[in-house]
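A closer look at the structure
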Amino acid sequence: MSDRQTPYKYFRPRKMASWVTELDDILWPSKAVIEKIKKRAKGFADAGIDTAINYGFHLRFDFSDYFEMLHGYLKDVCDELHKYGIKFMDHYSCNLVERPRTKEDFFFLRNAHRHHVLLHKDSKAAEFAQYEGYRFQDICEKRIADGTRGYSWNYQAEMFCHNNPNFLDMHRKYLERLFNDVPIDGLEIDDMCDYGAFSTCCCDYCKERFRKEFGRELPPFEDKDFWGNTDAHPTAWGNYENPAFRDWVMLKANSAKDHIKMVKEILGDRPLMTCCSATGPMVLNGLGLNLERFMDNLDLLMLENCGMGVDTVLWDRKEAEALLQKNIALNMGRAPAIALSYFVYDPGAYLGWALARFWGVSNWASTMAGRLSHDPGDFKETHELLAPCNNWEDRYSRIDPCEGEDIYEVRLVNNLLCRENGHRDDKGRDHWTKVAAWSRALLHSNVGYRFLRYTELADEERLISEDTPLIIDNCGVVSDAQFNAIKAFLEKGGKVILSLPFGIRDEKGYLREKPLSEELLNKGYKGLVLLENVDSADASVVSRLISENHIVPRIRQTEGDPTWAVRIRKHKDKLVMHVLNRALEAIPHPSLTSSLGPQKILKDFKAVHKNDVITYEVNIDGIVDEWNYLTFMPPETGSVKHEVKTEMISDRLVRVSINVKDLVLYGIIS
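Below, the structure is looked at part by part. Quick caveat: nothing in here was measured; it's all calculated off a predicted structure.

Conventions we followed
- Residues numbered from 1 in each chain as written.
- Predicted model: local features only at pLDDT ≥ 70, side-chain atom pairs only at ≥ 80, totals over all residues.
- Heavy atoms only, no water.
- Helix = DSSP H or I, 4+ residues; strand = E, 2+ residues; numbered from the N terminus.
- Rg over C-alpha atoms; globule rule 2.2 N^0.38 Å.
- Buried < 20%, exposed > 50% of the residue type's maximum accessible area, 1.4 Å probe, protein only.
- Contact = heavy atoms within 4.5 Å.
- Areas by Shrake-Rupley, 256 points an atom, 1.4 Å probe, with all protein chains shown as cover.
- Lys, Arg positive; Asp, Glu negative; His and termini not counted.
- Charge placed at Lys NZ, Arg CZ, Asp CG, Glu CD.
- Salt bridge = Lys/Arg side-chain N within 4 Å of Asp/Glu carboxyl O.
- Arc of directions from axis to C-beta.
- Pairing = 2+ DSSP bridges.
- Axes fitted to C-alpha atoms, helices over the stretch in contact; angles between N-to-C directions.
- Parallel < 35°, antiparallel > 145°, perpendicular 65-115°, else oblique.
- Nonpolar A, V, L, I, M, F, W, Y, C, P; charged D, E, K, R; others polar.
- Core = buried A, V, L, I, M, F, W, Y, C linked by side-chain atoms within 4.5 Å.
- Disulfide = S-S within 2.5 Å.

Scanning the chain from N- to C-terminus turns up 18 helices and 29 strands. Taken over the C-alpha trace, the chain has a radius of gyration of 25 Å; the compact-globule value for 670 residues is 26 Å, and the two agree within 12%. Each principal axis of the C-alpha distribution contributes one length, and for the chain these read about 75 × 65 × 45 Å. The burial tally for the chain puts 61% of its 670 residues in the buried class. In the chain, the share of contacts with a sequence separation of at least 24, taken over all contacts with a separation of at least 6, comes to 78%. Just so you have it, the chain exposes about 26,600 Å², and 48% of that area is on carbon and sulfur atoms. Averaging the positions of the 88 positive and the 102 negative side-chain charges in the chain gives two centres separated by 1 Å.

Close approach of charged atoms lets side chains of opposite charge pair. Across all of its chains, the model carries 52 salt bridges by this definition. One salt bridge in this structure joins glutamate 217 and arginine 211, with 2.7 Å as the shortest N-O distance. Residue glutamate 217 is classed as exposed on the basis of its relative accessible area of 51%. By relative accessible area, which is 33% here, arginine 211 ends up partly exposed. Between aspartate 425 and arginine 429 there is a salt bridge whose closest N-O contact spans 3.0 Å. Since its relative accessible area comes to 10%, aspartate 425 is described here as buried. The network of salt bridges with shared partners includes Arg411, Arg450, Glu456, Arg462 and Glu466.

What follows covers helix H5 (residues 204–214). All buried positions along H5 are accounted for by Cys206, Arg209 and Phe210. An end-on view of H5 places all buried positions within 100° of arc, on one side of the element. In H5, the exposed positions that point more than 90 degrees away from the buried face belong to Asp204 and Lys212. Those residues of H5 that are buried are in contact with helix H7 (243–267). Backbone geometry just downstream of H5 places glycine 215 in the positive-phi region, at approximately 65°.

It is worth spelling out the pairing of strand E20 (residues 564–571) at this point. On any regular strand, side chains alternate: one points to one face of the sheet, the next to the other face. For E20, the tally of buried residues reaches 8 of 8 residues, placing the bulk of the element in the interior. The alternating pattern of E20 places Trp564, Val566, Ile568 and Lys570 on one face and Ala565, Arg567, Arg569 and His571 on the opposite face, and all of these are buried. Pairing of strand E13 (residues 405–406) with E20, which is carried by 2 bridges, proceeds in the antiparallel orientation. Across the sheet, residue glutamate 405 finds its bridge partner in E20, namely lysine 570.

This paragraph deals with the pairing of strand E9 (residues 272–276). Burial analysis of E9 places 5 of its 5 residues in the buried class, which makes it a mostly covered element. Pairing of strand E8 (residues 186–190) with E9 involves 3 bridges; the strand directions are parallel. Considered in E9, the bridge of isoleucine 189 is made with threonine 274. When E9 meets strand E10 (residues 301–305), the two strands line up parallel, connected through 2 bridges. Paired with cysteine 275 across the strands is methionine 302, a residue of E10.

Another aspect to go through is the sheet that holds strand E14 (residues 410–414). The strand order across the open sheet formed by 5 strands is E15-E14-E16-E17-E18, and the pairing between neighbours is parallel. Looking along the sheet, the strands with just one partner apiece sit at the ends: strand E15 (449–453) and strand E18 (528–530). Taking the axes of each pair of neighbouring strands and ignoring which way they run, one obtains an average angle of 35° across the sheet. On the sheet, helix H16 (residues 480–491) packs against E14, strand E16 (470–477), strand E17 (496–505) and E18 and is oriented at approximately 155° with respect to E17. Packing against the sheet, helix H17 (residues 516–523) makes contact with E17 and E18, and its axis sits at approximately 140° to E17.

Here we come to the packing of helix H9 (residues 319–330) against helix H13 (residues 431–444). Axis angle and axis distance: for two packed helices, these are the angle between their axes and the distance between the axes, and together they describe the pair. Close contact between H9 and H13 brings their axes to 9 Å; oriented N to C, the two are set at 100°. Considering their axes alone, H9 and H13 lie roughly perpendicular with respect to each other. Seen from H9, the contacting residues are Glu319, Ala320, Glu321 and Leu324; seen from H13, they are Trp432, Ala436, Ser439 and Leu443. Its residues placed into classes, the contact of H9 with H13 shows 5 nonpolar, 1 polar and 2 charged.

So, about the nonpolar core. Judged by nonpolar contacts, the single largest core of 155 residues is most densely connected at Trp19 and Leu187. Broken down by element, the residue count for this core peaks at 9 residues, all from helix H10 (residues 346–359). Judged by nonpolar contacts, the second largest core, of 25 residues, contains Leu417, Val477, Val496 and Leu520.

Applying the stated criterion across every chain, the model contains 0 disulfides. Free cysteine: cysteine 161, not disulfide-bonded; nearest cysteine sulfur from cysteine 206 at 3.5 Å. Judged by its relative accessible area of 2%, cysteine 161 is buried. Free cysteine: cysteine 402, not disulfide-bonded; nearest cysteine sulfur from cysteine 389 at 15 Å.

This part takes up the sheet that holds strand E28 (residues 653–659). The antiparallel open sheet is built from 4 strands, whose spatial order is E19-E24-E28-E27. Bordering the open sheet on either side are strand E19 (555–559) and strand E27 (645–648), each of which pairs with just one other strand. For this sheet, the mean angle separating the axes of adjacent strands, direction not counted, is 20°. Two strands pair when backbone bridges link them, and E19 and strand E24 (residues 613–619) are joined in this way by 4 bridges, in the antiparallel orientation. Among the inter-strand pairings, arginine 556 is bridged to a residue of E24, identified as glutamate 617.

Structure representation (C-alpha cells):
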C-alpha cells in the first residue's frame, strides 16, 4: 500500500461549526423550525463560518420512521446556508441503533447522550423495527460468547455488521435517498468501526469472510489460545502470539474499510470523512478503527479533540494524535486535516481555535449541551462562541494556517505494523506509548518534527530524499522493505536515533531468529545513535541529544519561561511563528459537570507562566533570506500590534523577543 498521490480536489473547510439539532426540529415544516433555521444561518455567516456540519439525529436508523421530515429539514438548512456561500455536511452514525437493555442503561443514555437526539424504539416495538424490508435485529452483530446480538457499552446500542450484505444494501438505499432529497456538500459517516470490540462478531458472514480472506476458521469462545484473557475488557482480548488472531485483527479493519469504500462510491464527487478520536494506540485494533487503512477511500480527516472538562487545558496530550493525522492527510493528496474541539464557554472556544492555528489544521467547533449535568442558564450557541475568534482572524491575521509549510528538524517514526501485530515491550507498553512520549518531549523542547509512517519507512526513495534525522523507539515489528530503506538511509550518511527493541518480528508478526538491531549495531553506522538506559523520552533526553549535536533545532530559547510552545511555518515567502501557552490553570464551573463522570466543566483558564519576556534564537537558513520588521498579535488585544525586538546575530540567525506579561494563551509573530 502506498500513500495517495492524486491532489485533493474538493472544497477546503477551514472554519467549521456544528449545526446542533434538537428533537423539536423533526416537526419541520413548522413555522418555528423554519424561522430558527433562517436565524441560525445568518448567525453562522456573521461568525465567518464556511462549513456547517449536522450535529444530531445521530443514530440515523432510529429515525427511519421520520426520514421525510428529517430530510425536509436538512434540505431547508442546506438551502438557507447556501444563500450565504456556506457548505453543509451531514453527519451520522450508520451502524448503531440505541437499545438500552436495563433501567440503568436507559437513564445513563438519557443523561450522557442527549446530543445524539434520542428517539429510539420502545423495547417491544424494536423487535419489529426495519427499513427497506430489512429487520434491524436480523442484521446485528453477534456476540462471540453466545451468538446473541452484540451490545455497545459506550452508547447503549446494538450494532449492525459491516459484513452483512443486507445491512450494506439497506445503507446503500438510504444513502441514495439522502442524496436525492438533500443537496449536501459532503458527508461524515461516524462509527465506521466495531464498538463491540473483540466480543463481536461471529455471524455467518464474518465467519465466511475469515474463511475466504485468510483461509481460517473462527475458533469458539472457549479457545483461549485465540481469544486470550476474556475476563479483561473486550478491547484487550486476544493472543497476538497466535497468527490466526493477528489475521482476525486485520479482518475487522478490512470490514470497515470496505464499507467506507461502498459509501464513497455512492457519494461520488463530494468529500467523505469519518470520526476518529485516535489512530495511534494498539487498543484500537479491537474496534477495527484504522485510519491508515481507511485513507484510500476518505477525502478529509478529523481528529475528535475531545474534552469540555478542566483537563482540556493539558492540550499537549493531543499533540501527537493531531500531527499524526495531519501527516496522514498530507499523504492523501494534501487533504485538509480537521481538529474538532468541544466547549461550553468562550475560553474553551478560544482554546480549540488556537490549537487548530498552532497545529496548522482546520477548526471544527462544537458545543455539546447533551452531555452536561444540567442547564447552566447561560448557554450560547456554537457560532456565538466562535465568532470573536473567526472575526479577529478575518480582520487581522488572514494567513491561512493550513496552507503553511511546517518547518521540522526530525522525523518521528510511527510504524502501524507494530500496532497491527500487537507489539509491546517488556513493560507492556505499545509502540504508540513511546512515540507519544517523544511527541511531548519534542514539543516541550520546541523542536520541529513531523511523523513518518509505515509506508514512507518502507519506501527507500522517499526516505533518503531528505537527510532529516529519524527517531525510532520501541519499533518491535519491522518489515524487510523498511529495514532495507533504513540501512540505505544510514549508508547515505543519515542519522537514526534508536531505542530498542527494534525489528524483533517481521511484518506479519512472526518472531525473527535475531533482532534486526543486531545487524545495525554490528555494521557500525556512523549515524546510528543508540539510546541506552532511557525508559521514556522527555525534555531532558531531547536536551541531551541537542547538546551532543544529534538534534539541531531551528529554535533555541535563551530567555524566559520554557512553558511557551512555539512553532514556525512558512507561508509562500513569509515566515510566521505561532506562540501557545502550556502553563494554563483551569477554572472550573462551580457546579456544572459532565454526565460521563464527576469532572468539572471548564469555565475559564488563567496563565500561570513566569517571567514577562521570552526570547528565542531562530535559524532561518534555507527558509527565508531575512526576518525582520516583525509584529506580535494576540487575539486578546484585538487590533493592537505589539513590538517584537529583533536582532540579526548572523546572516542566518535572528534573535526575537516579545513581552508576554499580560498574554494568556496565543499570539502570532509575522
